[in-house]
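Overview (structure and organization)
So the chains spell out like this:
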Amino acid sequence: MLVNGAVITGKGAAKSRTAEEVEQIRAILRGRFDDANSEYEEALAENHKLRLVEIGDAAGDDQADSGSKTAERDAATSLLRTLLDRRTQAEHAMQRLDDGTYGNCEGCHNPIPVERLEVFPSATTCVNCKQVRERRAG
Ligand SMILES: [Zn+2]
């Protein structure tokens, strides 16, 4: 009974949002997910086209041409990865919203500053933990 009471009265940092606020955040995250998703689909189609052209052209390539194509392909690949990351992150943030852990850092479990969430609604770590992770990732 006490546990339920705590949920209803909003005790604990992660549970202090109203249902309305949660819905607002969900709508923002859903929007980010959809944006990233459609951009990803577009980039994927574009990438596919690029490759088809490449296969068609490959026979007549000189060295400089294939070099610029490699650069183009690298850029396209890293764009795809970025968009996929954004999509995954938005999805992940929505899951955390369902779990009631949204807004708390996954690293140190402290609340993520609201200013950070306003700029990056799908952030799941505070700035410190994000930097630690990035340093670790190389
Ligand atoms: Zn943290």
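Residues numbered from 1 in each chain as written. Predicted model: local features only at pLDDT ≥ 70, side-chain atom pairs only at ≥ 80, totals over all residues. Heavy atoms only, no water.

So, the environment of Leu-44
So the rule is basically this: By the criteria applied, helices consist of DSSP H or I runs no shorter than four residues and strands consist of E runs no shorter than two, each listed in order from the N terminus. Using a 1.4 Å probe on the protein chains alone, a residue whose accessible area is under 20% of its type maximum counts as buried, one over 50% counts as exposed, and one in between counts as partly exposed.
If you trace the backbone, Leu-44 turns up in helix H2 (residues 19–57). Of the residues examined, Leu-44 reaches a relative accessible area of 35% and is grouped as partly exposed. Sequence separation between Leu-44 and Thr-77 is 33 residues, and the spatial gap between their C-alpha atoms is 9.1 Å.

Observations regarding the UniProt feature "domain: Zinc finger DksA/TraR C4-type" (unreviewed entry) in the protein chain
This is how the line gets drawn: UniProt positions are given in the numbering used here, feature names are shortened, and annotations may be inferred rather than shown by experiment.
On the UniProt side, "domain: Zinc finger DksA/TraR C4-type" (unreviewed entry) is annotated at positions that read residues 100–135 here. End-to-end, the C-alpha atoms of residues 100–135 are 28 Å apart, and along that stretch the chain is 42% helix and 0% strand.

Comments concerning the nonpolar core
Threshold: In this description, a nonpolar core means a group of buried Ala, Val, Leu, Ile, Met, Phe, Trp, Tyr and Cys residues linked to one another through side-chain atoms lying within 4.5 Å. Throughout, a residue-residue contact means that at least one pair of heavy atoms, one from each residue, lies within 4.5 Å.
Counting residues in hydrophobic clusters, the biggest one holds 15 residues, and the most contacted among them are Ile-25, Leu-29, Leu-97, Tyr-102, Cys-105 and Leu-117. Contributing elements (two or more residues each) for this core: H2 and helix H3 (63–99). Excluding anything up to four places from it in sequence, Ile-25 contacts Arg-17, Leu-97 and Tyr-102.

Things to note about the coordination of the zinc ion
Selection rule: Each metal's donors comprise the N, O and S atoms found within 2.8 Å of it (within 3.2 Å for Na, K or Ca). Water is not part of the atom list, so some coordination spheres may appear incomplete. In this scheme the shape depends on donor count and angles: four donors with every angle between 85 and 135 degrees give tetrahedral, four or six donors with opposite pairs above 155 degrees and others between 65 and 115 give square planar or octahedral in turn, and any other case is irregular.
Here the zinc ion is held by Cys-105 (SG), Cys-108 (SG), Cys-126 (SG) and Cys-129 (SG), and the distances to it run 2.3 to 2.4 Å. Here the zinc ion is ringed by four donor atoms whose angles at the metal span 101 to 114°, and the overall shape comes out tetrahedral. Linear spacing of the donor residues for the zinc ion on their chain is C-x2-C-x17-C-x2-C. Of the two residues, Cys-108 sits in the loop between H3 and helix H4 (114–119) while Cys-129 sits in helix H5 (residues 127–137), which places them 21 residues apart along the sequence.

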